[in-house]
Amino acid sequence: MITTISSRVEVMKWMEDFVAEKYNELIKSVEDSWQPADLLPDSRFETFFEEVKNLRERARDLSYDLLAVLVGDTITEEALPTYESWLMKIDGLSQEPDSPWMRWNRSWTAEENRHGDALNRYLFLSGRINMREMEASTQYLIADGFDLQTDNDPYRSFVYTSYQETATNISHRRVAQIAKKQGDLMLAKLCGHVAADEARHAKAYKSFVGKIFEADPNEMMLAFEDMMRKKIVMPAHYMRELGVEIGKTFGHFTDAAQRIGVYTAHDYTDILEDLLVEWRIDTVTGLNEAGERARDYVMALPNRLKRVAERMKAPSLEYKFRWID
Ligand SMILES: [Fe+2]
Ligand SMILES: [Fe+2]
């Protein structure tokens, strides 16, 4: 071992100015932020009922799989308390309220909080969702928590968030495209706004890992390899419905996403390839033997994953979610 956990603390401390810089560049002020109310009918006005009627008419034409994906995405976003408490538990981040890390965590949470609000309100107005069933799934997901296998390690955790924010950017963007095709421009705009936030967050987390590679390349490479060996699991992998065994609902949700091309096995590989380029993995120096082996592993992984993805069949099993009447 070249470094120990105490040097991770040093690296996190050393990065604070960089994080403050990224905060200024990539977090939007409240004044400059969109709010769910900007995108949805305003109940103060007489026009509200007409707007809701139109919204419901458009929502009537949305496909079953798209609705299922939207509900799953909403539940995932609504489990934000889990993600914030997870971020706060990452080792080595200064807990000082004014430290750049804590400011980042709070403002990231504040931006993310709008996503669940916006999607939830849209689905409520759409008239197509059994809201009680969806709300029960959200309560389950927060109560069940998750295990991302990052062990509170900052290096592993930021590999995870780099991956995850990129994945959510892709999936919200694709939902926006499909909603547009199915004639719901309001929903398309809403998901487009969410996707744009996710893109900024992904950019920040990728830059954090890039910075760690400058300071502690060998340990960062080992952490990257470790996360890829364990596979990046979605934060909502414990998602479930009332009366349904844990594990089943999530599988059906990812099947629906795969079926309509919102998020597929190819995307997983594409994100990995993107990260290999972003972090210039092929030219990282300062690796020991284990670090070199870790590099070899992650560099070879995309081709292995592509071969596996080719053998996978598109999931065709129809499933009736309790969320959708
Ligand atoms: Fe989000
Ligand atoms: Fe996000």
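Cut-off values and rules
Residues numbered from 1 in each chain as written. Chains lettered and ligands numbered in written order. Predicted model: local features only at pLDDT ≥ 70, side-chain atom pairs only at ≥ 80, totals over all residues. Heavy atoms only, no water. Donors = N, O, S within 2.8 Å, 3.2 Å for Na, K, Ca; no water. Helix = DSSP H or I, 4+ residues; strand = E, 2+ residues; numbered from the N terminus. Buried < 20%, exposed > 50% of the residue type's maximum accessible area, 1.4 Å probe, protein only. Axes fitted to C-alpha atoms, helices over the stretch in contact; angles between N-to-C directions. Parallel < 35°, antiparallel > 145°, perpendicular 65-115°, else oblique. Contact = heavy atoms within 4.5 Å. Nonpolar A, V, L, I, M, F, W, Y, C, P; charged D, E, K, R; others polar. Polar contact = N/O pair within 3.5 Å; in protein donor to acceptor, adjacent residues only side chain to side chain. Patch = residues over 30% accessible without salt bridge, like charges linked within 9 Å, V, L, I, M, F, W, Y side chains within 5 Å. Areas by Shrake-Rupley, 256 points an atom, 1.4 Å probe, with all protein chains shown as cover. Salt bridge = Lys/Arg side-chain N within 4 Å of Asp/Glu carboxyl O. Lys, Arg positive; Asp, Glu negative; His and termini not counted. Charge placed at Lys NZ, Arg CZ, Asp CG, Glu CD. Core = buried A, V, L, I, M, F, W, Y, C linked by side-chain atoms within 4.5 Å.

Q: I tried to follow the coordination of the iron ion (ligand 2) on my own but got confused; where do I start?
A: Six octahedral donors around a metal ideally sit at 90 or 180 degrees from one another, while four tetrahedral donors ideally sit at 109.5 degrees. All of the protein donors around the iron ion (ligand 2) are Glu112 (OE), Glu165 (OE) and Glu198 (OE); their distances to the metal are 2.0 to 2.1 Å. Here the donor residues for the iron ion (ligand 2) map to a single chain with the spacing E-x52-E-x32-E. In this structure, the iron ion (ligand 2) is positioned 3.4 Å from the iron ion (ligand 1), and both are ligated by Glu112. With Glu112 in helix 7 (residues 100-126) and Glu198 in helix 10 (residues 185-215), the pair connects residues that are 86 residues apart, well separated along the chain. Across the pair, Glu198 and Glu112 agree in class, each one buried.

Q: In this structure, what is going on with the packing of helix 5 (residues 64-78) against helix 6 (residues 80-88)? I would like to understand it.
A: A packed helix pair is summarised by two numbers, namely the angle formed by the two axes and the spacing between the axes. Contact geometry for helix 5 and helix 6: axes closest at 5 Å, N-to-C directions at 40°. Relative to helix 6, the element helix 5 lies oblique. Note on element contacts: helix 6 touches helix 5 through Leu80, Pro81 and Tyr83, opposite Thr76, Glu77 and Glu78. Of the residues belonging to the contact of helix 5 with helix 6, the class tally is 3 nonpolar, 1 polar and 2 charged.

Q: Help me understand the side chain of Thr109, please; the structure alone is not making it clear to me.
A: Structurally, Thr109 can be placed in helix 7. Owing to a relative accessible area of 11%, Thr109 belongs among the buried residues under this scheme. One polar contact links Thr109 to Glu84, side chain to side chain, over a distance of 3.5 Å. When neighbours within four sequence positions are excluded, Thr109 is seen to be in contact with Leu80 and Glu84.

Q: Sorry if this is basic, but what is going on with the environment of Arg121 here?
A: Locating Arg121 in the fold gives a position in helix 7. Separated by 81 residues in the primary sequence, Arg121 and Leu40 place their C-alpha atoms 8.0 Å from one another.

Q: Just to check I follow, could you spell out a negative patch on the surface for this structure?
A: Taken together, the side chains of Glu50, Glu51, Glu57 and Asp61 define an acidic patch exposed on the protein surface. Along the chain, Glu50 falls in helix 4 (residues 48-60).

Q: Any chance you could explain the coordination of the iron ion (ligand 1) here in plain terms?
A: All of the protein donors around the iron ion (ligand 1) are Glu77 (OE), Glu77 (OE), Glu112 (OE), His115 (ND1) and Glu198 (OE); their distances to the metal are 2.1 to 2.4 Å. Each donor residue of the iron ion (ligand 1) lies on the same chain, and together they follow the pattern E-x34-E-x2-H-x82-E.

Q: It is not clear to me how a positive patch on the surface should be interpreted in this structure. Could you clarify?
A: A surface patch of positive charge is lined by Lys231, Arg304, Arg307 and Arg311. With respect to the element layout, Arg304 can be found in helix 14 (residues 289-311).

Q: When you look at the nonpolar core in this model, what are you seeing that I'm missing?
A: As a rule of thumb, soluble globular proteins bury nonpolar side chains together. Of all hydrophobic cores here, the largest spans 101 residues; its most connected members are Phe158, Phe208, Phe224 and Met228. No other element matches helix 10, which puts 12 residues into this core.

Just distances and angles here, no functional claims.
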